[in-house]
2 protein chains.
Amino acid sequence: MTEQNQKQPSHEQIQQVKTFLLGLQDSICAGLQAEDGGAAFVEDSWDREEGGGGRSRVLTKGKVFEQAGVNFSHVFGHQLPASATAKRPELEGRDFQAMGVSLVIHPHNPYIPTSHANVRFFIAEKAGEDPIWWFGGGFDLTPFYPFKEDAISWHKTAKDACDPFGDEVYANYKKWCDEYFYLKHRDETRGVGGLFFDDLNEPGFDKSFAFMQSVGEHFLKAYIPIVKKRKAIEYGERERNFQLYRRGRYVEFNLVYDRGTLFGLQSGGRTESILMSMPPVVHWQYDWSPEESSPEALLYTDYLHPRDWLAA
Amino acid sequence: MTEQNQKQPSHEQIQQVKTFLLGLQDSICAGLQAEDGGAAFVEDSWDREEGGGGRSRVLTKGKVFEQAGVNFSHVFGHQLPASATAKRPELEGRDFQAMGVSLVIHPHNPYIPTSHANVRFFIAEKAGEDPIWWFGGGFDLTPFYPFKEDAISWHKTAKDACDPFGDEVYANYKKWCDEYFYLKHRDETRGVGGLFFDDLNEPGFDKSFAFMQSVGEHFLKAYIPIVKKRKAIEYGERERNFQLYRRGRYVEFNLVYDRGTLFGLQSGGRTESILMSMPPVVHWQYDWSPEESSPEALLYTDYLHPRDWLAA
């Protein structure tokens, strides 16, 4: 193996990851803003006392998107928080840096799914020992009134992102996504899934970085066609109410289970940027369930459990 | 010491706790319903596969209360979940039963505070060893547009509940409440606090039970006078929006920090009853903060940090 599989990424390589992430944030914001055609992203740059900072961008009250938040952050810390070390005790007590782009999109129209993507790079250092580094990321789709063809095209694009990296990659990370975005207390997945990967370093730095790039670059390719197809569908109070109710599940997932959210809050991250994932308007209703055979019931029966969307 | 301080509560005593809790649920629902004067509580009884069950009651779309949920539950389990044992390793691996009444009230009018109360009894058993039992509970108040006199009367009633049990009781449990209902990621208390106690068994069963009764019985005495005073105040969109925004903090607290919520979700509790605490309508808004010297700013500056409300 050559330098490509070296254990220790150079400063230059770390800088390349950062440059990629900043560019990804730019291109995703540009693509979403063009699709919205109404509002523009507003940027907030912020510094963190402990080191590092970020560039938060949010578009609100657009024509298509009620809220879209796309964050870049690069933070340094002295102790990986519990959410990051619970399953990897070898990381305890290490200094770390974490950088990533994270986004959540809440459209107005209940026929457009909510969507999330994240790509990230971690490096945990300790004097006298090799650094431990890894990539993670993925994207997932949360429809309210689902279309089978959208779930299929979403997963086809996810597979396209993975296929150059090996035959099993899509299947493995699709499965991981189904397992990760799962609300145990509801026995529901968050939506139709997509990709989720973490702790990626075994293929070496270059290949791992290339895979993370591929996932980041496939997000808009997967999402924009669905937005275009669904944004003109008419809807009324019934569909809006169901969307607001289902957004409660998004809140429940992010605050109870999501590793990124808990990592951010526990590591003293910038609260407003972390909680940009929260929907602008949410409803809860005690013990509500959809009428049998209604369009709302279809979501529960056919879409909120793992399915092989690319089966012949 | 007599039987009153025995280590092991008898079956009869456990039954007395249950009888008290069911009666407390009745009297609190009756008091709230009378104050509302519009809607009635609807009851759901439910059983839990693993043993036990509950009686959930919810009033929605009342004249005064947008939603009020008052739950009784009595659950059995084979393993105390992580949220209950993290700080008490001696409880690990014990069978347990837990019973309690828990309530959260979300009024329409932003001038009426949101309010929460809970009283509970736990007993954790292991063959060949003495059971470990304890009481816990408390109540706390979350104003949107606060009145100093309401915070004072709330705390006076809290002190009345405590004073028969010792000089330091109010001060200790008031402090515990401030520490418990604290959103670290916001550096805000949930509201003006009240009482919080847990792990109470040192005074013996009878005194501990009597204290829990006193707390439960003082809740309506503390809350109803505030509702009466504030329910006729006129409000508009501005006040409503601020209330909906601040309700986001309630969601954040309950899903990220609250021991009862996490215990319920982790122990396979009835999700709909546990999440009855979620407000019916909630807003999040990126990086919002109140205008300086506005009524909304007053909440942050004067009410969301621990204060001695009964100082002369």
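For the structure, check the block above.
So, on to the sheet that holds strand β5 (residues 114-125) of chain B. Strand pairing in a sheet takes place through backbone hydrogen bonds and is either antiparallel or parallel in direction. All names here are of chain B. As summarised here, the arrangement of the seven strands in space is β1-β2-β3-β4-β5-β6-β9, forming an open sheet in which the pairing is antiparallel. Two strands close off the open sheet at either side, each with one partner strand: β1 (42-47) and β9 (193-200). Recorded for the sheet is a direction-independent mean angle of 5° between the axes of neighbouring strands. Across the sheet, helix α4 (residues 169-180) touches β6 (132-142) and β9, and the angle it forms with β9 is around 100°.

Next up on the list: the packing of helix α1 (residues 11-36) of chain B against helix α5 (residues 205-230) of chain B. All names here are of chain B. α5 packs onto α1 with a crossing angle of 5° between their chain directions and a minimal axis gap of 11 Å. One way to sum up the angle between α1 and α5 is to call them roughly parallel. Looking at side-chain class alone, the contact of α1 with α5 contains 14 nonpolar, six polar and four charged residues.

Attention now moves to the relation of the copies chain B and chain A. Between chain B and chain A, which share one sequence, the superposing operator has a rotation angle of 180° and an axial displacement of 0.0 Å; the RMSD is 0.0 Å. As the rotation angle and translation indicate, the two copies are arranged about a two-fold axis. Relative to the rotation axis, the closest C-alpha in chain B is found at V282 of chain B, a distance of 2.6 Å. A shared interface surface links the copies, since 100% of the contact residues of chain B are contact residues in chain A too.

All names here are of chain B. Tallying each qualifying case throughout the model produces 72 aromatic pairs over all chains. Relative to F205, the ring of F135 lies with its centre 5.6 Å away and its plane at 55°, an arrangement referred to as tilted. On the criterion of sequence distance, the pair formed by F135 in strand β6 and F205 in helix α5 is long-range, its members being 70 residues apart. Of the two residues, F135 and F205, neither departs from the other in class, the shared state being buried. A ring pair is formed by W154 and F219, whose centres lie 6.3 Å apart and whose planes are at 85°; its orientation type is edge-to-face. One end of the pair, W154, is in helix α3 (residues 148-162); the other, F219, is in helix α5, and 65 residues separate them in sequence.

All names here are of chain A. A sheet is described by the order of its strands in space; here seven strands give the open sequence β1-β2-β3-β4-β5-β6-β9, paired in antiparallel fashion. Of all the strands in the sheet, just β1 (42-47) and β9 (193-200) have a single pairing partner and so form its edges. The mean angle between the axes of side-by-side strands here comes to 5°, regardless of whether they run parallel or antiparallel. By the bridge criterion, 11 bridges tie strand β5 (residues 114-125) to strand β6 (residues 132-142) in an arrangement that is antiparallel. From the neighbouring strand, A124 faces β6, where its bridge partner is I132.

Reading the values: the criteria
- Residues numbered from 1 in each chain as written.
- Chains lettered and ligands numbered in written order.
- Predicted model: local features only at pLDDT ≥ 70, side-chain atom pairs only at ≥ 80, totals over all residues.
- Heavy atoms only, no water.
- Pairing = 2+ DSSP bridges.
- Helix = DSSP H or I, 4+ residues; strand = E, 2+ residues; numbered from the N terminus.
- Axes fitted to C-alpha atoms, helices over the stretch in contact; angles between N-to-C directions.
- Contact = heavy atoms within 4.5 Å.
- Parallel < 35°, antiparallel > 145°, perpendicular 65-115°, else oblique.
- Nonpolar A, V, L, I, M, F, W, Y, C, P; charged D, E, K, R; others polar.
- Least-squares fit on C-alpha atoms with pLDDT ≥ 70 in both.
- Phe/Tyr/Trp six-rings, centres within 6.5 Å; stacked < 30°, edge-to-face > 60°.
- Buried < 20%, exposed > 50% of the residue type's maximum accessible area, 1.4 Å probe, protein only.

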